[in-house]
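Residue-level listing of the chains:
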Amino acid sequence: MRVLILGPNHPGGSLPPYLDALTTGLREIGVLVDRHGSTAIPYDQDSQRFWSIERIVASARALADQIDPAAYDVVALHAGNLEIDHLVAAFWPRRSRPPIVYHIHTLDPTLFRDHVPHARWHRVVREQITGADGYVYFGQHAEARLAVTSPALCSGQVAWLPTTIPDGTLPSPSPALAAALHVPHGLPVISLYGFAAPWKDAGLLTAALRLMRQPVRVVVAGQFWDDATAPTAAVSPGKPVRIGVTEFTVVAEYVDAAGRAALIRASAAGVFPYRDHPSFQGSGAIADYLAHNVPVIATDVANMAELIGDAGYVVPANDPVALAAALDMIVTKGSTATEFADQACRRAHRFSAAAHATRCVRLYQQVIDRGMCRSS
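Here the structure is a predicted model, which is why all the values come from computation and not from measurement.

> Can you help me understand the nonpolar core in this one?
Judged by nonpolar contacts, the single largest core of 101 residues is most densely connected at Leu6, Leu87, Trp92, Phe272 and Leu327. With 22 residues, the next largest nonpolar core counts Val3, Val101, Val367 and Ile368 among its residues.

Laid out in structure tokens, this is it:
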């Protein structure tokens, strides 16, 4: 099987580490894989503006021209809310296009709807999604949501996101992260990493910390947590501040695989205070914790409960009292925490790159076979 992974191919994003894991997993089970994709998000940091529609479309067209789609049996298409990679297949002649399997990273693409509004290209993005030959869902939540909004979609496969920390990665935090994880007075660490996306409810987390009875250090690491519009903006990055009996630290930088390994190794638990959001299909970061036997506390949105199972606490969204109680229990009830860690250990194999790739290949083969049937 010859697979083209088409999706963001640049450092510092949230999707590329997953695509690295998928590529590794596919190659481990004998699949021939090539990677192509956008080399930057369509945003100019200097001007703090998104690219023009002309530049976005030209970039997607240039990427399409670099690829011979007929060289592949199937294309695995990946794009988040910034849909530049969604457009590529639109520039390929349909007769030479292999089957496309769309991996559902977002339920509601926003680039051409909100950031660079353009009705025609937003429609093209939607057509690329609804016209795919198969779908990889990262949880039953996404499958159920899309079945309601697009009931004519082809069949798909649920394949939970794998850990993005490669086997053998040595924990190596940046200086700022190392300082945040250095707790001389022995406080347990509870952590969250990733971009400050709109579905991450920092206000809920800080409200829960004010209600906690047990002292902990909470470390939130990732880009844009120091943005002026974020609830964490008042926190000086890298410097612990007191919130009730807890210490709260923001490390406002991208966390690479070695940094993620260090953060998770230092953590007694991961915390995921998320809210419902039209684009949010489910968490990938949770896999990094569970794959390394670290229990998780999360709000009951999207695929959280499905991922965590018995390996942590799942509490209602927008309920700081319940979140505070769960945080207190995870650090005080040693037997419960051990049981959660044991459950995470038993579930860890589900979040390996090879397990994820095996599920994906099952679907790839189905769409290839359907295409052969139609052409015969």
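Past the structure itself, the notes keep going.
> Help me understand the pattern of salt bridges in this model?
Pairing between side chains of opposite charge can happen when the charged atoms of each approach one another. Tallying each qualifying case throughout the model produces 9 salt bridges. Between Arg113 and Asp114 there is a salt bridge, and its shortest N-O distance comes to 2.7 Å. What makes Arg113 partly exposed here is its relative accessible area of 36%. Arg275 is the salt-bridge partner of Asp201, the closest N and O atoms lying 2.9 Å from each other. A residue pair is termed long-range when its members are at least 10 positions apart, and Asp201 in the loop between strand S9 (189–193) and helix H7 (202–211) and Arg275 in the loop between strand S13 (269–272) and helix H9 (285–290) qualify at 74 residues. Asp201 gets classed as buried once you look at its relative accessible area, which sits at 9%. One connected set of salt bridges, linked through shared partners, spans Asp108, Arg113 and Asp114.

> Looking at this model, I keep getting lost on the packing of H7 against helix H11 (residues 320–332). Mind explaining?
Between two packed helices, the angle of one axis relative to the other and the distance separating the axes together describe the packing. The geometry of H7 relative to H11 is characterised by a closest axis approach of 8 Å and an angle of 60 degrees between their N-to-C directions. With respect to each other, H7 and H11 are oriented oblique. Classified by chirality, the crossing of H11 by H7 is right-handed. Contacts between H7 and H11 involve Leu204, Leu205, Ala207, Ala208, Leu209 and Leu211 on the former and, on the latter, Pro320, Val321, Leu323, Ala324, Leu327 and Asp328. Considered class by class, the residues forming the contact of H7 with H11 number 11 nonpolar, no polar and 1 charged.

About the criteria used
- Residues numbered from 1 in each chain as written.
- Predicted model: local features only at pLDDT ≥ 70, side-chain atom pairs only at ≥ 80, totals over all residues.
- Heavy atoms only, no water.
- Core = buried A, V, L, I, M, F, W, Y, C linked by side-chain atoms within 4.5 Å.
- Buried < 20%, exposed > 50% of the residue type's maximum accessible area, 1.4 Å probe, protein only.
- Salt bridge = Lys/Arg side-chain N within 4 Å of Asp/Glu carboxyl O.
- Helix = DSSP H or I, 4+ residues; strand = E, 2+ residues; numbered from the N terminus.
- Axes fitted to C-alpha atoms, helices over the stretch in contact; angles between N-to-C directions.
- Parallel < 35°, antiparallel > 145°, perpendicular 65-115°, else oblique.
- Left-handed = near helix turned anticlockwise from the far one by under 90°.
- Contact = heavy atoms within 4.5 Å.
- Nonpolar A, V, L, I, M, F, W, Y, C, P; charged D, E, K, R; others polar.

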